[in-house]
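Chains, contacts and geometry: an overview
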Amino acid sequence: TEPGAISPFVYDAAVAVGLAACELMMASNTSNYFNGEELYQTFVNTKFQGTTGFVDLDPDTGTRKPTSALFSLTNFVDDEYVSSSSLAGDQETQVRFREEDTGYFHSGEW
């Protein structure tokens, strides 16, 4: 199975949780355990260079700050063509779609 377009973002999310857990373990002098609230608070304050660019989370919402994300605006345009290889031997029209990237949002700018 081919990785999808979202795969790099999922990878960065997993790395962020792992980095937060490592930071908690290194900061703890007395315990090898931490709770979910401690992990979450450390997670939302984690910043690093990921596969999708610099990862910076909003500590209030836990979501990625738009200024640190790459968004692509893509149009799917019909691309009609005639095929002569139908089973009945006659021509048939098929419509396929092609992608056209129309814009990118990165570091807070289009």
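In case you missed it, the structure is sitting above this.
Now for a quick tour of the structure. Since the structure is predicted, the reported quantities are computational estimates derived from the model, not experimental observations.

1. Notes on the overall build of the protein
Summing up its helical and strand segments, the protein has two helices and four strands in all. Excluding contacts between residues fewer than 6 apart, the proportion of contacts in the protein whose partners are at least 24 apart in sequence is 39%.

2. Looking at the nonpolar core
Counting seven residues, the largest nonpolar core is built from A16, A20, F43, V44, F48, V55 and L57. Once residues lying within four places of it in the same chain are set aside, the contact partners of L57 are F43, V44, T46, G62, T63, R64 and K65.

3. Examining the side chain of T46
As for its placement among the helices and strands, T46 is situated in the loop between helix 2 (36–43) and strand 1 (47–50). Engagement of the side chain of T46 in a polar contact is seen with the backbone oxygen of T42, the distance being 2.8 Å. Discounting residues that sit within four places of it in the chain, T46 has contacts with A16, L19, A20, V55 and L57.

4. Some details on the environment of L24
Among the structural elements, L24 can be located in helix 1 (residues 7–27). Note: C-alpha distance between L24 and N35 (11 residues apart in sequence) is 10.0 Å.

5. Looking at the pattern of salt bridges
A side chain of one charge can pair with a side chain of the opposite charge when the charged atoms of the two come close. Summed over all chains, the structure comprises three salt bridges. With a shortest N-O distance of 3.5 Å, D56 and K47 are connected by a salt bridge. Among the ionic pairs, D56 bridges to K65, the shortest N-O distance being 3.5 Å. We classify K65 as partly exposed; its relative accessible area is 26%. Counted as one network, the salt bridges with shared partners bring together K47, D56 and K65.

6. Structural notes on the pairing of strand 2 (residues 53–56)
Note that strand 1 and strand 2 share four bridges and pair antiparallel. In the strand pairing of strand 2, Q49 is matched with F54. Connecting strand 1 to the next strand, strand 2, in antiparallel fashion are two residues.

7. Some words on the environment of Q41
By the element assignment, Q41 lies in helix 2. With relative accessibility at 36%, the residue Q41 sits in the partly exposed group. Taking the C-alpha atoms as reference points, Q41 and P59, 18 residues apart in sequence, are found 7.6 Å from one another.

8. A short note on a nonpolar patch on the surface
Nonpolar side chains collect at one region of the surface, where I6, F9 and V10 lie side by side and expose about 280 Å² of accessible area between them. Using a relative accessible area of 33% as the deciding quantity, one classes F9 as partly exposed.

Rules behind the numbers
- Residues numbered from 1 in each chain as written.
- Predicted model: local features only at pLDDT ≥ 70, side-chain atom pairs only at ≥ 80, totals over all residues.
- Heavy atoms only, no water.
- Helix = DSSP H or I, 4+ residues; strand = E, 2+ residues; numbered from the N terminus.
- Contact = heavy atoms within 4.5 Å.
- Core = buried A, V, L, I, M, F, W, Y, C linked by side-chain atoms within 4.5 Å.
- Buried < 20%, exposed > 50% of the residue type's maximum accessible area, 1.4 Å probe, protein only.
- Polar contact = N/O pair within 3.5 Å; in protein donor to acceptor, adjacent residues only side chain to side chain.
- Salt bridge = Lys/Arg side-chain N within 4 Å of Asp/Glu carboxyl O.
- Pairing = 2+ DSSP bridges.
- Patch = residues over 30% accessible without salt bridge, like charges linked within 9 Å, V, L, I, M, F, W, Y side chains within 5 Å.
- Areas by Shrake-Rupley, 256 points an atom, 1.4 Å probe, with all protein chains shown as cover.

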